[in-house]
Amino acid sequence: MTPLLHLRCGDDLRGRLQSAGIAGEYLCFADPVCVGPAQDDGDLMAWLGMRARYVALHTGQDPAAVRLRLGREYAALNGLHRREAVWLWFEHDLWDQIALIRILSLLAEKRLLRGKLLLLPADGDRSFPALSDAELGALQPTPLSDLQIEQAAEAWAAFAAPDPRGLDAFSRRELALPFLAAALRRHLRDLPWTTDGLGETERRALRAIAEGATDEATVFQKLQDGDPIFHVTDLIVREVINRLRQGPNRLVSRDAQLHPTPRGAAVLAGTDRFRPPPRFHAGVHVLPDPPWLWDPAQVAVIPGPAA
C-alpha cells in the first residue's frame, strides 16, 4: 500500500502541507473545469482533446503539452485505490467545487476507494493557503459518504448536460456536500440574464470598468473582492473582458485604457441588451440569441428565444 495522497486543484498547498507537519504525497488536478466547454459523453480521449484545446487557447500554451499534462492528471486518478487514503483539499468556491464533482464522477464506481476518500473541512470563507501552519495541521478530514459521492456524480452529469434546467433543479435539493449548491447556483448565474443579456461575471466586470477600473489588474481585484463564491483568475478576467470587446457592438472599448462604449453604458443602464458571442458554458452552448437564460425574477433557468 502506497502512502497517503493529498489531492488538490492547484499547487498552492504543495509546500505548505509539509511545513504544517502533514505527511503524504501530493497530486495536483489543474483542469479548470469550471470554465469553458464541459460536454462529457464518457469518452475520456475526446474529453482530453476538447479540454486541451480550450486550456491552450485560454493560456497561450502548446496544445500538445497541455494534452500530455491533462492526460497525466486524469491517469493518476486511476491509481488512487492503491493509496492508504486520499485527502481531498477542496474549498467552498466554484473552482474547487466543480473540480471536486468532476473527480468524484470519475471515481464513483471504484469500489476499492470506498472509505479511502476523505474531505478536509473548509470554513466557507478563507482558502486553505490563507490558514496558518497550526490551523492547517489541526484540520481533521472526514470520510466521504456513499451519498456524497453519488450526488457528486449526479451533479457532474447535470453540469455537463446541454439543458441547464436539470442542474437548476439539482441545485435546489438538499445536498450532502456542504458548499455544492451555492457553487452551482453561482455557475448558473453566468448564463445570459433575461434583463440585459449579461452573465454575472460579465456584468461585474463591465460595472467595475464603468466605475473607473481602467486595466485588467484592477478589474481582477474588484471581482476577487466582491465575489465570495467565484474566485476568478487573471486569465478568466482577460477572457471575460475580451468577450465584452468583441464585434462592432462591443461593450468595452479596445483602447489601451478600459472604458465602456456607449452601448456598454446603455446595457448597464437597462436600455440595451448584450448579444453574447458563441461560447460553451459547461455543457450549454451560449449563442447571440441564447437557448437558455437566467431569470433573476424567478431565480431560475428558463428557455430563451432559440430553445
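The structure contained in this document is the topic of the report that follows. Note that the structure is a prediction, hence the values are computed from the model and not measured.

Helix and strand counts for the protein chain stand at 12 helices and 9 strands. Against the globule reference of 19 Å for 307 residues, the protein chain gives a C-alpha radius of gyration of 20 Å, in line with a compact fold. Taken along its principal axes, the extent of the C-alpha atoms in the protein chain is 65 × 40 × 40 Å. By residue count, 52% of the 307 residues in the protein chain fall in the buried class.

A few words now on helix H4 (residues 94-107). Helix length check: H4, at 14 residues, gives a terminal C-alpha distance of 20 Å against a target of 20 Å (1.5 Å per residue), a fit within 8%. The buried fraction of H4 amounts to 12 of the 14 residues, a majority that puts the element mostly inside the structure. Between the side-chain oxygen of the N-cap and the backbone nitrogen of Trp95 there are 3.1 Å, and the N-cap of H4 in question is Asp93.

Examined bridge by bridge, strand E8 (residues 292-295) and strand E9 (residues 300-303) share 4 bridges and lie antiparallel to one another. Bridge pairing in E9 places Trp292 opposite Pro303.

Of note in this structure, Ala282 is not a glycine but carries a positive phi near 60 degrees. Tracing the backbone shows Ala282 in the loop between strand E6 (279-281) and strand E7 (284-286). Not every positive phi belongs to a glycine, and Val299 is a case in point at roughly 50 degrees. Summarising the element assignment, Val299 is placed in the loop between E8 and E9.

Inspection of every chain in the model, using the stated rule, returns 1 cavity of 30 Å³ or more. Of the voids in this model, the largest cavity is the one considered here, and its volume is about 30 Å³. Every residue along the wall of the largest cavity is listed here: Ala158, Phe159, Ala161, Pro164, Leu167, His187, Leu188, His281, Ala282, Gly283 and Val284. At the level of elements, helix H6 (146-159) and helix H8 (180-188) are the ones that each hand at least two residues to the lining of the largest cavity. Considered class by class, the residues forming the lining of the largest cavity number 8 nonpolar, 3 polar and no charged.

This brings us to the layout of surface pockets. Of the pockets and cavities examined, the largest pocket occupies roughly 620 Å³. What lines the largest pocket is a set of 26 residues, among which Gly36, Tyr54, Glu239, Arg243 and Arg279 lie closest to the centre. Every element with two or more residues in the lining of the largest pocket is listed here: helix H2 (44-59), helix H9 (200-210), helix H11 (234-244) and E6. Among the elements that take part in the lining of the largest pocket, H11 stands out by supplying 7 residues, more than any other. Here the lining of the largest pocket is built from residues that sort into 13 nonpolar, 7 polar and 6 charged. If you go around the second largest pocket, you meet 15 residues; those closest to its centre are Arg8, Asp12, Glu91, Trp95 and Asp96. The residue makeup of the lining of the second largest pocket, split by class, is 3 nonpolar, 4 polar and 8 charged.

Opposite charge on two side chains makes pairing possible when the charged atoms of those side chains draw close. Under the counting rule described, the total for this entry stands at 28 salt bridges. Two residues, Asp12 and Arg8, come together in a salt bridge whose shortest N-O distance is 3.0 Å. The salt bridge partner of Arg8 is Glu91, with a shortest N-O separation of 2.9 Å. With Arg8 in strand E1 (residues 5-8) and Glu91 in the loop between strand E3 (86-89) and H4, the pair connects residues that are 83 residues apart, well separated along the chain. Side by side, Arg8 and Glu91 carry an identical accessibility label, which is buried. What you see here is one network of salt bridges that share partners, running through Arg186, Arg189, Asp190, Glu200, Arg204 and Asp227.

Reading the values: the criteria
- Residues numbered from 1 in each chain as written.
- Predicted model: local features only at pLDDT ≥ 70, side-chain atom pairs only at ≥ 80, totals over all residues.
- Heavy atoms only, no water.
- Helix = DSSP H or I, 4+ residues; strand = E, 2+ residues; numbered from the N terminus.
- Rg over C-alpha atoms; globule rule 2.2 N^0.38 Å.
- Buried < 20%, exposed > 50% of the residue type's maximum accessible area, 1.4 Å probe, protein only.
- Expected span 1.5 Å × (residues − 1).
- Polar contact = N/O pair within 3.5 Å; in protein donor to acceptor, adjacent residues only side chain to side chain.
- Pairing = 2+ DSSP bridges.
- 1 Å grid on protein atoms, 1.4 Å probe; cavity = no way out; pocket = protein on both sides within 12 Å on 5 of 7 lines; lining within 4 Å.
- Points joined across faces, edges and corners; volume = space filled by probe spheres on them.
- Nonpolar A, V, L, I, M, F, W, Y, C, P; charged D, E, K, R; others polar.
- Salt bridge = Lys/Arg side-chain N within 4 Å of Asp/Glu carboxyl O.

Remember that the coordinates give geometry; whether it matters functionally is a separate question.
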